[in-house]
Amino acid sequence: MKRVSLALTLAAAAAALSVQAASAQTLKTIKDRGMLSCGVSQGLPGFSSPDDKGNWTGIDVDVCRALAAAVFNDPTKVKFVPLSAKDRFTALQSGEIDVLSRNTTWTVSRDTSLGANFTGVTYYDGQGFMVKKSLKVNSALELNSASVCVQTGTTTEQNLADFFKGNNMKYEVIAFGTVDETVKAYESGRCDVFTDDASGLYASRLKLANPADHVVLPEIISKEPLGPMVRHGDDQWFDIVKWTLFAMINAEELGVTQKNVDEMLKSDKPELKRVLGTDGNLGEQLGLTKDWVVRIVKSVGNYGETFERNVGTGSPLGIARGVNNLWNKGGIQYAPPIR
Amino acid sequence: MSIEPRRPPLQFVLRLKRALGGKAGWNGLAVQIAFAAILAWIAYEIVANARANLQTQHIASGFGFLNYNAGFDVSQSLIAYTNSDTYWRVFFVGLLNTLLVSVIGIFFATVIGFVVALCRLSPNWLVSRIGGIYVETIRNLPLLFQILFWYLAVLAALPGPRQSISIFSTFFLNNRGLIVPRAVGEPGLDPFLAVLAVGIIAALGVRHYARRALFQRGQMIRIWPYVLGLIVGLPLVATLIFGWPFIFEVPQLKGFNFAGGARVIPEFVALTVALSTYTASFIAEIVRAGIMSVHKGQMEAGASLGLSRGTALRLIVVPQAMRVIVPPLTNQYLNLTKNSSLAVAIGYPDLVSVFAGTAVSQTGQAIEIIAMTMGVYLLLSLTTSAVMSIYGWRINRSLAA
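In this text the structure is predicted, and so the values were computed from the model without any measurement. Each chain has its residues counted from 1, following the order in which its sequence is written. Numbering of ligands from 1 and lettering of chains from A proceed in the order in which they are written. For a predicted model such as this one, the threshold for reporting local features is a pLDDT of at least 70, and the threshold for listing and counting side-chain atom pairs is 80 or more; totals across whole chains, interfaces and linings nevertheless cover every residue. By convention in this description, side-chain values take in all heavy atoms of the structure and omit both hydrogens and water.

1. Structural notes on unusual backbone geometry
Trans is the prevailing form of peptide bonds, just as negative phi is the prevailing case for residues other than glycine.
Residue and element names in this part refer to chain A.
Right, on to step 1. The backbone of K136 shows a phi angle near 55 degrees, a positive value even though the residue is not glycine.
Right, on to step 2. One non-glycine residue, S145, lies in the positive phi region at around 70 degrees.
Right, on to step 3. Here a strand is any run of E in DSSP of at least two residues, a helix any run of H or I of at least four, and the numbering for each starts at the N terminus. Mapping S145 onto the fold places it in the loop between strand 8 (127–132) and strand 9 (146–151).

Structure, rendered in structure tokens:
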């Protein structure tokens, strides 16, 4: 009798394993759960980092808050899952998170073989180098024979290899699991150089004991378009994440801000009426509500506001808009029209 | 010779029943077959399910990625490696780095462990207390903490390359590691090595002869002058005939780091020191338990034969204690090997760090890579325990004889 029950248990376990196939209903799963699960970094100021009360802020965090606002009309209904660079894709593949919004570079291999899709670009970045001022280095081309600290599992690691090889320079790489360990090793003098996306360098410099003793070299050696990622196999959710970011960019282009959004609702400009949902049902076609853009802008503001608040000149990072400005203001941020 | 009672030989079917089903006979056999079938079915379901899910999400699978270019660099490699090598190469680089730190760690852990155990058993109050404090401190602190301590508190505190601690301007110690002169082979290297090998084999032969003479005829032969002549004298003669076997390339400060010479990276030192001191504290207790398990009459018998404490320990007590020591010692060796995967915390490029870490996030093929990594650790552990089992079996045999 005992044997029979054991066999039954095993059979039930195996059956349970086999029916848990990949779910294509991400939106429904999120609504049932009442919470969006969002993969973020383990603490990168300006992009995703928790404050002393455990509240997450940053440009990547705002993308998730905007999603939660669009789905639940409540930007707090997000569970943030901090992930190291090397664990992030496994977490997305396995379904532990619904969206990965973690300063991740868009590349072809990640878009295909990882079983995921990038939904857009939240920040156009490029890789740079940081050194101690006392080394008196002015250019990345003077770094022959240097020791370089890098976070493992990033495109940074591969660009670094390409850059030194391409310029016939030797170097020693020391790769660490998390950004904190990497910065610590750089600060202790184990490496001459710390390399990361330029935004990450500025963010990490804030954490150093004497930020003024370190300088970011002028060379940008790669293209690093950072954006959110979703799993393959659910087009509806892919569209929602994609258009949430586009909605923020379009809102900036149309001059809709967190403050004036209620005012704008009264406007009778056809374009504004379409975007803000007073006319047509574009939001419902996405599986959301008519007022989805209003919800997003009310909770996190438009793209420009998010940028300024988290990484822009009004923030400790003080990064200029540069290429991240709108296409009609000298940058390359461009969103397809909402119509 | 004892007389065995004669038994009627078992019939073939009966014997088969016994062999397959144990005492339960055919019933037992049926249950075993059913159990094996269920296990196989579960394994099949897991594989099929994973495969189906990977396909629906269009995640790459299979082992083809192993032949692709890795495109990243590794700080320490025992075999030639550049960033245009394949993931296969990365796998072996990581595996060899894991093996290196494990083998050296096991060696030092054993030596330190035995020394500390003998200290704890010493009749000298101070020495035994020092042994006790070592064990109680080291084994009660988390290993990761100790690794970080050695790396961030001890080795990182060394000066930078330009202010290196220099020993005779040939050895340099700084926060990038220990830089030593590197031996570069010369034409005289091959004859030198050949003669050295001959010398060592001949010395072993002499030792064997002397031992036989001692045990069989009670004749003591002083062999060290012959051994010295064979191992040192012969290669010296070879050097005089064929020229220097190698010259040393002295490291020089060039740019940010030293050029030339060989280097031991601080990540390796920190990991090896932490692993061997930590494991040594457990080995010390195992060795102490083993020695205590030998009846104290053995030690007294040795003393009454006029043997010193050290000699009695070495010749009488420790060989008997080994029988008790070996099985738990194997556990510690396995622990050390597995604990070496904490390397990722300090950037030592072991298998878990470069292969199950970097390669996973570059290729996204977690299932294949993790399976291979698990396979490697399983193989390493099984090999270690097989070697230790053979060693234990030999001890038992020689003690029983």
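Don't stop here, the text continues.
2. Quick word on the pattern of salt bridges
Should their charged atoms come close, side chains of opposite charge can pair.
Residue and element names in this part refer to chain A.
Right, on to step 1. Salt bridges are identified by distance alone: a Lys or Arg side-chain nitrogen within 4 Å of an Asp or Glu carboxyl oxygen. One pass over the structure, following the stated rule, counts 15 salt bridges over all chains.
Right, on to step 2. For R190, the salt bridge identified is with E172, shortest N-O distance 3.2 Å. Of the two residues, R190 sits in the loop between helix 7 (179–187) and strand 11 (193–197) while E172 sits in strand 10 (residues 171–176), which places them 18 residues apart along the sequence. By the burial criterion, R190 is buried, and E172 matches it.
Right, on to step 3. With a closest N to O distance of 3.3 Å, D262 and K298 form a salt bridge. Of the two residues, D262 is situated in helix 10 (residues 261–265) and K298 in helix 13 (residues 292–300); the sequence distance between them amounts to 36 residues.
Right, on to step 4. Judged by its relative accessible area of 41%, D262 is partly exposed. Only protein chains enter the accessibility calculation, which uses a 1.4 Å probe. A residue is then buried if its area is under 20% of the maximum for its type, exposed if over 50%, and partly exposed in between.

3. Observations regarding the environment of T26(A)
Residue and element names in this part refer to chain A.
Right, on to step 1. Summarising the element assignment, T26 is placed in helix 2 (residues 26–33).
Right, on to step 2. By relative accessible area, which is 7% here, T26 ends up buried.
Right, on to step 3. When the C-alpha positions of T26 and E172 are compared, they lie 44 Å apart, and in sequence the two are 146 residues distant.
Right, on to step 4. Here a residue-residue contact requires only that any non-hydrogen atoms of the pair lie within 4.5 Å. In contact with T26, not counting residues within four places along its chain, are D98, R231, D234 and W237.

4. Quick look at the packing of aromatic side chains
Right, on to step 1. Any two rings among Phe, Tyr and Trp, with Trp reduced to its six-membered ring, count as a pair given centres within 6.5 Å; such a pair is stacked if its planes are under 30 degrees apart, edge-to-face if over 60, and tilted if neither. Tallied over the entire structure, the rule returns 22 aromatic pairs over all chains.
Right, on to step 2. Ring plane angle 35 degrees and centroid distance 6.0 Å describe the contact between Y186(A) and F194(A), whose orientation is recorded as tilted.
Right, on to step 3. Judged by centre distance (5.2 Å) and plane angle (70 degrees), the rings of F91(B) and F92(B) are edge-to-face.
Right, on to step 4. Here F92(B) falls in the partly exposed class, since its relative accessible area comes to 38%.
Right, on to step 5. A network of ring pairs unites the aromatic residues F47(A), Y123(A), Y303(A) and F307(A) as a single cluster.

5. Here we look at a nonpolar patch on the surface
All names here are of chain B.
Right, on to step 1. Each patch is assembled from residues with relative accessible area greater than 30% and no salt bridge, linking like charges that lie within 9 Å and nonpolar side chains (Val, Leu, Ile, Met, Phe, Trp, Tyr) that lie within 5 Å. In short, Shrake-Rupley with a 1.4 Å probe defines the accessible areas, and a residue's cover is counted only from the protein chains shown. A cluster of nonpolar side chains, contributed by I200, L204, W224, L228, I231, V232 and L236, occupies part of the molecular surface with about 680 Å² of accessible area.
Right, on to step 2. Of all the secondary structure elements, the ones that give two or more residues to the nonpolar patch are helix 6 (189–217) and helix 7 (224–242).
Right, on to step 3. Of all the elements, helix 7 adds the most residues to the nonpolar patch, at five residues.
Right, on to step 4. Note on placement: I200 falls in helix 6.
Right, on to step 5. Since its relative accessible area comes to 38%, I200 is described here as partly exposed.

6. Quick look at the side chain of T155(A)
Residues and elements named next belong to chain A.
Right, on to step 1. With respect to the element layout, T155 can be found in helix 6 (residues 155–166).
Right, on to step 2. Under the relative-accessibility criterion, T155 is labelled buried at 9%.
Right, on to step 3. Among residues more than four places away in sequence, those in contact with T155 are T105, T107, R110, Q127 and E224.

7. Looking at the interface of chain B and chain A
Right, on to step 1. Listed per partner, the contact involves 49 residues of chain B and 52 residues of chain A.
Right, on to step 2. Each of two parts loses accessible area, computed with a 1.4 Å probe, when they are put together; buried area is these two losses added. Summed over the three residues of chain B that lose the most area to chain A, namely Q57(B), F256(B) and S361(B), the buried surface amounts to 17% of that side.
Right, on to step 3. Scanning the region where chain B abuts chain A turns up three salt bridges.
Right, on to step 4. Its salt-bridge partner being E172(A), residue R263(B) comes within 2.5 Å of it at the nearest N-O pair.
Right, on to step 5. Contacts described as polar in this section are N or O atom pairs within 3.5 Å, which, within protein, must combine one atom able to donate a hydrogen with one able to accept it, while residues neighboring in sequence count only if both atoms come from side chains. Where chain B touches chain A, the interface holds twelve residue pairs in polar contact (both at pLDDT 80 or more).
Right, on to step 6. Taken together, the elements giving at least two residues each to the side of chain B that touches chain A come down to helix 2 (26–56), helix 5 (143–155), helix 8 (266–293) and helix 11 (351–363) of chain B.
Right, on to step 7. Throughout, the ten residues Ala, Val, Leu, Ile, Met, Phe, Trp, Tyr, Cys and Pro are labelled nonpolar, Asp, Glu, Lys and Arg are labelled charged, and all others, Gly among them, are labelled polar. Broken down by class, the residue content of the side of chain B that touches chain A amounts to 22 nonpolar, 20 polar and seven charged.

8. Observations concerning the packing of helix 3 (residues 59–72) of chain A against helix 13 of chain A
Residue and element names in this part refer to chain A.
Right, on to step 1. Fitted lines through C-alpha atoms serve as axes, helices being fitted only where they are in contact, and the angles separating the N-to-C directions of these axes extend from 0 to 180 degrees. Between helix 3 and helix 13, the least distance of the axes is 8 Å, while the angle of their chain directions is 135 degrees. By the criterion of interaxial angle, the relationship of helix 3 to helix 13 is oblique. Our pair here, helix 3 against helix 13, has a crossing hand that is right-handed. For the pair helix 3 and helix 13, the contacting residues are D62, R65, A66, A69, A70, V71 and F72 in the first and R295, I296, S299 and V300 in the second.
Right, on to step 2. In the contact of helix 3 with helix 13, the residues fall into seven nonpolar, one polar and three charged. An angle counts as roughly parallel when it lies under 35 degrees, as roughly antiparallel when it exceeds 145, as roughly perpendicular when it falls between 65 and 115, and as oblique in every other case. Each crossing is labelled by how the near helix is turned from the far one, with a counterclockwise turn of less than a right angle marking it left-handed and a clockwise turn marking it right-handed.

9. As for the sheet that holds strand 12 (residues 214–216) of chain A
Backbone-to-backbone hydrogen bonds pair the strands of a sheet. The strands run either parallel or antiparallel.
Residue and element names in this part refer to chain A.
Right, on to step 1. Pairing between two strands requires that DSSP report at least two bridges joining them. Across the sheet, five strands lie side by side as 10-9-11-8-12; this open sheet has mixed pairing. Among the strands making up the open sheet, the edge pair consists of strand 10 and strand 12. In this sheet, neighbouring strand axes are inclined to one another by 30 degrees on average, regardless of whether the strands run parallel or antiparallel.
Right, on to step 2. Here strand 9 pairs with strand 11 via two bridges, running parallel. By the bridge assignment for strand 11, V148 is matched with V193.
Right, on to step 3. Relative to strand 8, helix 6 is tilted by about 80 degrees, and along the sheet it contacts strand 8, strand 9, strand 10 and strand 11.

10. Considerations on the pairing of strand 10 of chain A
Residue and element names in this part refer to chain A.
Right, on to step 1. With respect to burial, strand 10 is a largely interior element, six of its six residues being buried.
Right, on to step 2. Of the two faces of strand 10, both are covered, the one formed by Y171, V173 and A175 as well as the one formed by E172, I174 and F176.
Right, on to step 3. Pairing analysis gives six bridges linking strand 9 to strand 10, with the strands arranged parallel. Across the sheet, the residue bridging to Q151 is F176, located in strand 10.
Right, on to step 4. Clockwise travel from the first strand over the helix to the second, with the strands pointing away from the viewer, marks a crossover as right-handed. Viewed along the sheet, the connection from strand 9 through helix 6 into strand 10 turns out right-handed.

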